[in-house]
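Structure at a glance
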Amino acid sequence: MFRMTKECFDQLCRRIIASVGEKKFKSEQYIESVLKSKSIYAAHEMTSGGYICGEVKLALTLRMLAGGSYLDLSLIFHCRDTYVTTIFHNVIREWICNDDVISYPNELYFKDIEAMKKTACGFAQGTNNGVLSGCIGALDGWLVKIRKPSFKKDGIKNAAGYFSRKGFYAINCQVIVDHKKRILWRSIKCRGAEHDSTAFKKTKLYQLLVEDRDVFIRNRLYIIGDSAYALMAFLLKPFDNATPYSDEDAFNFYLSSSRIKVECCFGEVDARWGILWKPLPYTMDDNLKVVDATMRLHNFIVDYREGNKESEQTLVSEMSIFEQETIAFMNSNNDEGDEFLIGVHNQSEEHIPNAVGRPRSVDVILRDAGIALRNSICCKFKARGMKRPDRLGTAQMYSRGYFGRVQEV
């Protein structure tokens, strides 16, 4: 119901208390031991029905993120329906989206050589047998559905910029994850109509990578993405139109086998937080906060799983439950068309649009360095005799589930 175990929930409560303090969180224990002895408690109970403890506020928020209705939650938690939404946004803004509670490494990660090399070792231990030994993250775009923005509500004059190629209004989120599906960096400010490559180039991270390109070239560190992105010294993508079972095709296969981590991350976030199954109805600022909250909570749960050494079977069991709920939701909304398309992210490997005008000298340098790096890695696959495994062989293959989540078969 709340998309995490009781132990995980308790740990999240403790972390919020450590950040904002008991007085602001008002845990059930704090209300019983401190506030009940004060005269203001009786006055508060007489006028507004008493305090709502922090655990209830957090549980209410998690249930709304999981797809619960504010009308149902008002009955379950005995509070006014209009106040449910107020609690929801306050908890997201002040607790969940608080860097002292849950944070991302963000740009600082790409300044830490040791942290990047540690992630690269994690990717190298995957299906590529150590050939992709410099991968520090998997990059992809994710379209989050929203209601049509307006000038009155959001101050947006041209709503067409948010209408995506998938046929609905959306926010384009650019995300980089590590080998454990932990989100290392995200940008959630681009419009749904923007191409992935354009959206990525507008971020602060892109400028940082361009400025520090010599560091990445010297250490042979790079991000991996799909064909939507431009090939650069710090960003590798698949070969276009590779001949089946060629060396280039082998590179594409093993690169995609590592890049699949970011698609699995999107699938887990989509499946866990049912609020993303339909267009977000809030203001643009609140929509961005909701998306940010789902990704921060994803990281918190990944860290909890790793810290408590939960087995992979636990995650598989959770995801099977979420998938059943998703299928039931889809079946009940069959008549709504693409508005309720689950698990949408920029999974089609589209080519970047032709650039207008002459490219900058730095772009040419970055592209040439990327070509040289990709060719050298391709030669390693050739030297080891590594090819794309036959589908009938023993290789681990992947397919897409009911709502776009990548799964092993």
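Remember, it's a predicted structure, so these values are computed and weren't measured experimentally.

Leu12, Leu58, Leu65, Trp142, Phe251, Leu297 and Ile377 are the most contacted members of the largest nonpolar core, which has 75 residues in total. For this core, the element with the most residues is helix α14 (residues 284-307), which contributes nine residues. Those residues in contact with Leu58, other than ones at most four positions away along the chain, are Phe9, Leu12, Cys13, Ile16, Val91 and Ile96. Among the nonpolar cores identified, the runner-up in size contains 27 residues, and Leu205, Leu235, Val362 and Leu366 belong to it.

Attention now moves to the confidence of the model for the protein. In the predicted model, the protein carries a mean pLDDT of 84, and 79% of its residues have values of at least 70. Scored below 50 in pLDDT, residues 347-355 makes 21 contacts in the model with residues more than four places away or belonging to other chains.

A few words on helix α16 (residues 361-383). Compared with an ideal rise of 1.5 Å per residue, which puts 23 residues at 33 Å, α16 spans 33 Å between its outermost C-alpha atoms and is within 8% of the ideal. Taken together, the buried positions of α16 are occupied by Val362, Leu366, Gly370, Leu373, Arg374, Ile377, Cys378 and Phe381. Check the buried side of α16 and you find it contacts α11 (204-211), α12 (213-219), β4 (222-224), β5 (235-236) and α13 (247-272). Looking at the residues trailing α16, positive phi occurs at Gly385, about 70°.

Right, let's get into the side chain of Asn98. Position of Asn98 relative to the elements: it lies in the loop between α7 (81-96) and α8 (113-124). Asn98 has contacts with Ser19, Val20 and Arg296, leaving out every residue within four places of it along the chain.

This next bit is on the packing of helix α1 (residues 6-20) against α14. Across the interface, α1 lies against α14 with an axial gap of 11 Å and an inter-helix angle of 115°. As α1 runs across α14, the sense of the crossing is right-handed. Every residue of α14 that contacts α1 at Glu7, Cys8, Gln11, Leu12 and Arg15 is listed here: Leu297, Phe300, Ile301 and Tyr304. Of the residues assigned to the contact of α1 with α14, the class counts are six nonpolar, one polar and two charged.

About the cut-offs
- Residues numbered from 1 in each chain as written.
- Predicted model: local features only at pLDDT ≥ 70, side-chain atom pairs only at ≥ 80, totals over all residues.
- Heavy atoms only, no water.
- Core = buried A, V, L, I, M, F, W, Y, C linked by side-chain atoms within 4.5 Å.
- Buried < 20%, exposed > 50% of the residue type's maximum accessible area, 1.4 Å probe, protein only.
- Helix = DSSP H or I, 4+ residues; strand = E, 2+ residues; numbered from the N terminus.
- Contact = heavy atoms within 4.5 Å.
- pLDDT = per-residue confidence, 0-100.
- Expected span 1.5 Å × (residues − 1).
- Axes fitted to C-alpha atoms, helices over the stretch in contact; angles between N-to-C directions.
- Left-handed = near helix turned anticlockwise from the far one by under 90°.
- Nonpolar A, V, L, I, M, F, W, Y, C, P; charged D, E, K, R; others polar.

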